Amino acid sequence: VRPPSPPGGLGLVSDCARARMIAGLRAAGVRDPAVLEAMARVPRHHFVEPALASRAYEDVALPIGHGQTISRPGTVARMLEILLASIPPQQRALARALEIGTGCGYQAALMAALGGEVVSIERVRGLHETARERLRPLRLSSLRLMFGDGHLGAPNEAPFDAIILAAAGPRIPEDLLSQMKIPARLLAPVGDGERQALHLVERTGDETWELTILDAARFVPLRNGTT
Ligand code: SAH
């Protein structure tokens, strides 16, 4: 007869699964030690429905309700790695960061774990509220969730050192470009459903932004207004 599993048994199983996910990310080419360490620490299973928790460490997007998904861990790792790589080595933290598209809050939690003072905006009230509940036990005091249309950014919290969009629009919203510090970086998928690419924008002056187009991407659409 097996003894009843100790409290935290599920924790041990998920630690194992998470370690496998990290090994998979490494094998896929993720190198940044800070990103790998943050992803080893933040429990992704905590951000999905209990029925999906056993799949939380596979490299797949999973449904989070309201027709939205939690991004693949590989995608989140790549985004965070690009953003960190563009920051001068002496700074090496996300500093004041803005996320558009909180979803379930997973990437926001990682950004806070990477040392960011993070503001994250979600346009679907149900998701915003669920993210708030899921994040509460993690006690990330440097993370602030807002309900609203991310096209407008967060003027009262601006300017930002780093901005990341988790949804793809036809272009990068003007308000976000003007809420960047000088210097600052913004990373966003741009394009329509089928043809999207990650765009990295670096603000170099009052009226100057430099664009680098990176990998092809596949994100949910950036929508207008709130619901
Ligand atoms: N960051 C999430 C990704 C969620 S998917 C993660 O960690 O997995 C992208 C999210 O962007 C969806 O929840 C969608 O509702 C939201 N979104 C789309 N358009 C938006 C907008 N204009 N403002 C804020 N959120 C938006």
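Data block above holds the structure.
Criteria and cut-off values
- Residues numbered from 1 in each chain as written.
- Predicted model: local features only at pLDDT ≥ 70, side-chain atom pairs only at ≥ 80, totals over all residues.
- Heavy atoms only, no water.
- Helix = DSSP H or I, 4+ residues; strand = E, 2+ residues; numbered from the N terminus.
- Expected span 1.5 Å × (residues − 1).
- Buried < 20%, exposed > 50% of the residue type's maximum accessible area, 1.4 Å probe, protein only.
- Pairing = 2+ DSSP bridges.
- Right-handed = clockwise from strand over helix to strand, strands pointing away.
- Salt bridge = Lys/Arg side-chain N within 4 Å of Asp/Glu carboxyl O.

Could you give me a rundown of helix H3 (residues 73–85), with the residues and numbers involved?
Compared with an ideal rise of 1.5 Å per residue, which puts 13 residues at 18 Å, H3 spans 18 Å between its outermost C-alpha atoms and is within 8% of the ideal. Burial of H3 is extensive: 10 of the 13 residues sit out of reach of the surface. Listed as buried for H3 are Pro73, Gly74, Val76, Ala77, Met79, Leu80, Glu81, Ile82, Leu83 and Leu84.

Tell me about the pairing of strand E4 (residues 117–122), residues and numbers included.
Counting buried positions along E4 gives 5 out of 6 residues, so the element sits mostly inside the fold. Pairing geometry for strand E3 (residues 96–100) and E4, over 5 bridges, is parallel. Bridge assignment links Ile100 to a residue of E4, and that residue is Ile121. In this region the chain leaves E3, passes through helix H4 (residues 106–113) and returns to the parallel neighbour E4; the handedness of that crossover is right-handed. Two strands pair when backbone bridges link them, and E4 and strand E5 (residues 143–147) are joined in this way by 5 bridges, in the parallel orientation. From the neighbouring strand, Glu122 faces E5, where its bridge partner is Phe147.

Run through the pattern of salt bridges, naming residues and quoting values.
Enumeration according to the criterion identifies 11 salt bridges in this entry. A salt bridge links Asp161 to Lys181; the nearest nitrogen and oxygen atoms lie 3.1 Å apart. With Asp161 in strand E6 (residues 160–165) and Lys181 in strand E7 (residues 180–191), this pair connects stretches of sequence that are 20 residues apart. Using a relative accessible area of 29% as the deciding quantity, one classes Lys181 as partly exposed. Three or more residues joined by partner-sharing salt bridges are found here, namely Arg96, Arg144 and Glu157.

This is a description of form; function is not addressed.
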